[in-house]
Amino acid sequence: MLASYAAIPPGAPVRLAKRTSNLFRFRDAGARDRARRPAGLDVGALNRVLGVDPDARTAEVQGMTTYEDLVAATLPHGLMPLVVPQLKTITLGGAVTGLGIESSSFRNGLPHESVREIDVLTGAGEVVTARPDNEHRELFRGFPNSYGTLGYAVRLTIDLEPVKPYVHLRHLRFTGADEAMAAFERICADRRYDGEPVDFIDGTVFAPGELYITLAAFTDEAPWTSDYTGRRIYYRSIANNGAAAADDYLTVHDYLWRWDTDWFWCSKALGVQNPLVRSVVPRRYLRSDVYRKAVALDRRYGLSARVARLRGQAPPEPVIQDIEVTADRGAEFLDFFHREIGMAPIWMCPLRLREPEPWPLYPLEYDRLYVNFGFWGGVPSRPDRPEGHHNRLVEAEVSRLGGHKSLYSEAFYDAEEFWRLYNGDAYWRLKRAYDPDERLLDLYAKCVQDR
């Protein structure tokens, strides 16, 4: 990796050369900014699990290792990462320098909170080891949400936790957002519901009056196990024909990847949920990275936009975002979203930081319960509205509610607001220290200007 970095001409910007991505910032395939297009940094060899220590409950992992490979290495030891993001090809380095979340986040926080140390290839071309207690501790704290603009994770040591063979799921129905948010707060505080433990919790909004919270707990035995890796579709099992509560069982492996087979529910837009199509598609293609490549091709060549224009319609505006607001403002956000955006389903995932020391570039408050809302699709656009109209509405509402937005997708902030929201003072101190020649794009250039 150092040799690849050294081979990039001085003054040329740098990016990772990788075959897969879970980002939704699609670069223009044309000639725009061609002279400044970043050079590719070869990281293909940094994709291994270096070791699992069952006694210490840790794993040593290279930065480009996918969670799919990491889980495959840890489960035979009866262990898993403290937080396993939903999509198989998310990498360890990506989840730490970006942000990841899943249904264990109400007790385990975000993926970067389980990191003990990181080797970082900085923008200055040096590899430094950052820990919470050494001379690079500010880089350790500032690395999350820097999106590869300070450096790249080469190696990480992370904590693991024990698992049991199966997971017992309970789906609870709610008819109002206020009621569901109150339940999130109560259950996340108690870590129990109806006398039983809760190890995982997330939720799904199908309509303003139809919300579900899914509770899950490890168990040694299961009377049955469901399979959502073929014709059956996980998210459709949640509603259970409108039942007030329902039980389900999955192997721990299938629970961790329950969302990946259909990319939550986004495979529907690609026709893969059609029973006839699904019956002929091999299972190995029912996975999020395959769908993402299809979307990337569509965005590159504008296929769906052309179809819309042939039908006399404006192309839909992609609204692909994850945001967080405190649980006590969650109902307000959903009311806004139903009224102004009108997209469903919506994913909900509560989270709470594990420790009081802040992570400067994504400043969540300690001991506050947040709820992440994820929504991924398109909404009708109109030619008289500015680019990103609905996304801008979301950004404004999230700011009004004191929340935060992940930066894996399109953003429309002006520079002043962006640096206020994402702690520009702390960021630029780190940028000057670890990328003094600005070989790497800065956070605003990468995440908003889409360079």
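Heads up: the structure comes first, above all this text.
Conventions adopted
Residues numbered from 1 in each chain as written. Predicted model: local features only at pLDDT ≥ 70, side-chain atom pairs only at ≥ 80, totals over all residues. Heavy atoms only, no water. Helix = DSSP H or I, 4+ residues; strand = E, 2+ residues; numbered from the N terminus. Rg over C-alpha atoms; globule rule 2.2 N^0.38 Å. Buried < 20%, exposed > 50% of the residue type's maximum accessible area, 1.4 Å probe, protein only. Contact = heavy atoms within 4.5 Å. Areas by Shrake-Rupley, 256 points an atom, 1.4 Å probe, with all protein chains shown as cover. Patch = residues over 30% accessible without salt bridge, like charges linked within 9 Å, V, L, I, M, F, W, Y side chains within 5 Å. Salt bridge = Lys/Arg side-chain N within 4 Å of Asp/Glu carboxyl O. Phe/Tyr/Trp six-rings, centres within 6.5 Å; stacked < 30°, edge-to-face > 60°. Lys NZ or Arg CZ within 6 Å of the ring centre and 35° of its normal. Core = buried A, V, L, I, M, F, W, Y, C linked by side-chain atoms within 4.5 Å.

### Topic: the overall build of the chain
For step 1, the next point in the chain: Helix and strand content of the chain: 16 helices and 18 strands.
For step 2, the next point in the chain: Taking 22 Å as the expected radius of gyration for a compact globule of 451 residues, we find that the chain reaches 21 Å, a close match to that expectation.
For step 3, the next point in the chain: The principal-axis extent of the C-alpha atoms belonging to the chain is close to 65 × 60 × 45 Å.
For step 4, the next point in the chain: Residues classed as buried in the chain amount to 55% of the 451 residues present.
For step 5, the next point in the chain: Looking at the chain alone, contacts between residues at least 24 apart form 74% of all its contacts between residues at least 6 apart.
For step 6, the next point in the chain: When the accessible surface of the chain is totalled, it reaches about 19600 Å², and 49% of it is carbon and sulfur.

### Some details on a nonpolar patch on the surface
For step 1, the next point in the chain: Together, Leu297, Tyr301 and Leu303 give the surface a local cluster of nonpolar side chains, amounting to about 310 Å² of exposed area.
For step 2, the next point in the chain: With respect to the secondary-structure elements, leucine 303 resides in helix α11 (residues 303-310).

### Some points on the packing of aromatic side chains
The geometry of an aromatic ring pair is captured by two quantities: the separation of the ring centres and the angle between the planes.
For step 1, the next point in the chain: Under the definition given, this model contains 30 aromatic pairs.
For step 2, the next point in the chain: With centroids separated by 5.1 Å and ring planes inclined at 75°, the aromatic side chains of phenylalanine 200 and phenylalanine 218 adopt a geometry described as edge-to-face. Taken together, the residues span a long stretch of sequence, with phenylalanine 200 in strand β12 (residues 200-207) and phenylalanine 218 in strand β13 (residues 210-219) at a distance of 18 residues. Each member of the pair, phenylalanine 200 as well as phenylalanine 218, carries the same accessibility label: buried.
For step 3, the next point in the chain: Three or more aromatic residues joined by ring pairs make a cluster, and in this case those are Tyr228, Tyr234, Tyr235, Trp259, Phe264, Trp265, Trp347 and Trp376.
For step 4, the next point in the chain: Positioned above the aromatic ring of tryptophan 359 is the side chain of arginine 141, whose terminal nitrogen or guanidinium carbon lies 3.7 Å from the ring centre.
For step 5, the next point in the chain: The ring of tyrosine 255 carries arginine 258 above its face, with NZ or CZ at 4.0 Å from the centroid.

### A closer look at the nonpolar core
For step 1, the next point in the chain: Grouped together as the largest cluster of nonpolar side chains are 83 residues, with contacts concentrated most on Ile118 and Phe418.
For step 2, the next point in the chain: If we skip the residues at most four places from it in the chain, phenylalanine 418 touches Leu407, Tyr413, Leu443, Tyr444 and Val448.
For step 3, the next point in the chain: Grouped together as the second largest cluster of nonpolar side chains are 37 residues, Phe184, Ile187, Phe333 and Val379 included.

### Concerning the pattern of salt bridges
For step 1, the next point in the chain: If you walk through the whole model with that rule in mind, you get 27 salt bridges.
For step 2, the next point in the chain: Glutamate 395 is paired through a salt bridge with lysine 405; the nearest N and O atoms lie 2.5 Å apart. With glutamate 395 in helix α13 (residues 389-400) and lysine 405 in strand β18 (residues 404-405), this residue pair connects regions lying ten residues apart in the sequence. The two residues glutamate 395 and lysine 405 agree in class, both being buried.
For step 3, the next point in the chain: Between aspartate 435 and lysine 431 there is a salt bridge, with the nearest N and O atoms lying 2.8 Å from each other. The two residues aspartate 435 and lysine 431 agree in class, both being buried.
For step 4, the next point in the chain: Salt bridges sharing partners connect three or more residues here, namely Glu60, Glu117, Asp119, Arg131, Asp133 and Arg155.

Function cannot be read off these values alone, since they describe shape.
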